[in-house]
Amino acid sequence: MKLFPCSAAKTSSPAVQNSVEDELEMATVRHRPEALELLEAQSKFTKKELQILYRGFKNECPSGVVNEETFKEIYSQFFPQGDSTTYAHFLFNAFDTDHNGAVSFEDFIKGLSILLRGTVQEKLNWAFNLYDINKDGYITKEEMLDIMKAIYDMMGKCTYPVLKEDAPRQHVETFFQKMDKNKDGVVTIDEFIESCQKDENIMRSMQLFENVI
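Residues numbered from 1 in each chain as written. Predicted model: local features only at pLDDT ≥ 70, side-chain atom pairs only at ≥ 80, totals over all residues. Heavy atoms only, no water.

1. Here's the deal with the overall build of the chain
Here is step 1 of the chain: Along its length, the chain carries 11 helices and 4 strands.
Here is step 2 of the chain: Taking all 213 residues of the chain together, 38% fall into the buried category.
Here is step 3 of the chain: Long-range pairs, those at least 24 residues apart, make up 62% of the contacts in the chain between residues at least 6 apart in sequence.
Here is step 4 of the chain: Just so you have it, the chain exposes about 12,600 Å², and 55% of that area is on carbon and sulfur atoms. (Helix = DSSP H or I, 4+ residues; strand = E, 2+ residues; numbered from the N terminus. Buried < 20%, exposed > 50% of the residue type's maximum accessible area, 1.4 Å probe, protein only. Contact = heavy atoms within 4.5 Å. Areas by Shrake-Rupley, 256 points an atom, 1.4 Å probe, with all protein chains shown as cover.)

What follows is the structure in structure tokens.
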């Protein structure tokens, strides 16, 4: 469980420690997960799997939650050749379903359950939510471009020596033309799911991690 290592709490003197930060820190330390039985019902993990995942999560993250800065630090370890900051920001927002600025064990499990064991429909809904940056129910070309640029930055330019600077934009133009069926300038959830289901590469990639845990 190296996905969510948490930084140890800072031990600066009370004089320099912000009182608001103190309150937030205490609130996060008090965080407790929902009953495992409830999480078992809400996810596709067994109780035993949840116990193992929670032990690892709690061991690495004693406060029980992960904030965005820590999330970014973790993600950067997986992609040392590039800059994963922006993509990690988008991914964090997708995991942080209640938008409170922290990913709890419950948030983590619900997202992981969909990504690893969800149906194609559930995975595509999750992916749509990732691309729908402002959460208005539509994906614009700009949102898709922001995500695509973040992915290219994360993978690092050295990974793509032959690609030009405008490669992300070209990639988005191609995808957007396929997905925006009625040419109204936005992609709806139905258009997104229909287009993805017709793309063999996307469908194949959806099955890659099904038996990871």
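Having put the structure on the table, let's press on.
2. Overview of helix α3 (residues 47–60)
Here is step 1 of the chain: Between its first and last C-alpha atoms α3 spans 20 Å; for 14 residues at 1.5 Å apiece the expected length is 20 Å, and the two agree.
Here is step 2 of the chain: All of the buried residues along α3 are Glu49, Leu50, Leu53, Gly56, Phe57 and Glu60. Looking straight down α3, one finds its buried side chains confined to an arc of 130 degrees; they lie on one side. Of the exposed residues in α3, the ones pointing more than 90 degrees away from its buried face are Lys48, Arg55 and Asn59.
Here is step 3 of the chain: If you follow the buried residues of α3, they end up packed against α2 (36–42), β1 (65–67), β2 (102–104) and α6 (105–117). (Expected span 1.5 Å × (residues − 1). Arc of directions from axis to C-beta.)

3. Concerning the nonpolar core
Here is step 1 of the chain: If you look at the biggest cluster of nonpolar residues, it comprises 50 residues, and the most contacted ones within it are Phe71, Tyr75, Tyr87, Leu91, Phe108, Ile109 and Phe192.
Here is step 2 of the chain: In this structure Phe192 touches Leu124, Ala127, Phe128, Ile139, Met179 and Val187, once residues within four positions along its chain are discounted. (Core = buried A, V, L, I, M, F, W, Y, C linked by side-chain atoms within 4.5 Å.)

4. Describing the UniProt feature "domain: EF-hand" (unreviewed entry) in the chain
Here is step 1 of the chain: When the UniProt feature table is mapped onto this chain numbering, "domain: EF-hand" (unreviewed entry) sits at residues 83–118, 119–154 and 167–202.
Here is step 2 of the chain: Strand forms 6% of residues 167–202 and helix 69%; the C-alpha atoms that close the span are 19 Å apart. (UniProt positions renumbered as here; feature names shortened; annotations may be inferred.)

5. Concerning the packing of α6 against helix α7 (residues 120–131)
Here is step 1 of the chain: With their axes 8 Å apart at the nearest point, α6 and α7 run at an angle of 125 degrees to one another. Judged on the interaxial angle alone, α7 and α6 are oblique. Between α6 and α7 lies a crossing whose hand is left-handed. Contacts between α6 and α7 involve Gly111, Ile114, Leu115 and Leu116 from the first element and Glu122, Lys123 and Trp126 from the second.
Here is step 2 of the chain: Looking at the contact of α6 with α7 residue by residue, the classes come out as 4 nonpolar, 1 polar and 2 charged. (Axes fitted to C-alpha atoms, helices over the stretch in contact; angles between N-to-C directions. Parallel < 35°, antiparallel > 145°, perpendicular 65-115°, else oblique. Left-handed = near helix turned anticlockwise from the far one by under 90°. Nonpolar A, V, L, I, M, F, W, Y, C, P; charged D, E, K, R; others polar.)

6. Observations regarding the packing of aromatic side chains
Here is step 1 of the chain: In the structure shown here, the tally under the stated rule is 12 aromatic pairs.
Here is step 2 of the chain: Each ring, one from Phe128 and one from Phe192, has its centre 5.6 Å from the other, and the planes form 70 degrees; the classification is edge-to-face. Here the residue Phe128 occupies a position in helix α7, and Phe192 occupies one in helix α10 (residues 189–197), the gap between them amounting to 64 residues. Accessibility assignment for this pair places Phe128 and Phe192 in one class, buried.
Here is step 3 of the chain: Joined through ring pairs, the aromatic side chains of Phe71, Tyr75, Phe78, Phe79, Tyr87, Phe92, Phe95 and Trp126 make up one cluster. (Phe/Tyr/Trp six-rings, centres within 6.5 Å; stacked < 30°, edge-to-face > 60°.)

7. So, helix α8 (residues 141–155)
Here is step 1 of the chain: With 15 residues, α8 extends 21 Å between its outermost C-alpha atoms, agreeing within 8% with the 21 Å of an ideal straight helix rising 1.5 Å per residue.
Here is step 2 of the chain: Of the residues making up α8, those classed as buried are Glu143, Met144, Leu145, Ile147, Met148, Ala150, Tyr152 and Met154.
Here is step 3 of the chain: Contacts made by the buried residues of α8 are with α4 (68–78), α5 (85–95), α7, β3 (139–140) and α9 (167–179).
Here is step 4 of the chain: The first or second residue beyond α8 is Gly156, which carries a positive phi of 90 degrees.

8. Description of the pattern of salt bridges
Here is step 1 of the chain: In total, this model carries 8 salt bridges according to the counting rule given.
Here is step 2 of the chain: Linking Glu122 and Lys44 is a salt bridge whose minimum nitrogen-to-oxygen distance equals 3.2 Å. Here Glu122 is found in helix α7, whereas its partner Lys44 is found in the loop between α2 and α3, with 78 residues between them in sequence.
Here is step 3 of the chain: Between Glu49 and Arg117 there is a salt bridge, with the nearest N and O atoms lying 3.0 Å from each other. With Glu49 in helix α3 and Arg117 in helix α6, the pair connects residues that are 68 residues apart, well separated along the chain.
Here is step 4 of the chain: A relative accessible area of 19% places Glu49 in the buried class.
Here is step 5 of the chain: Members of the salt-bridge network, linked through shared partners, are Glu68, Glu69 and Lys72. (Salt bridge = Lys/Arg side-chain N within 4 Å of Asp/Glu carboxyl O.)

9. Digging into the confidence of the model for the chain
Here is step 1 of the chain: With 77% of its residues at a pLDDT of 70 or more, the chain has an overall mean of 80.
Here is step 2 of the chain: Long-range and interchain partners of residues 7–30, a stretch whose pLDDT sits below 50, account for 11 contacts in this model, where long-range means more than four residues apart. (pLDDT = per-residue confidence, 0-100.)

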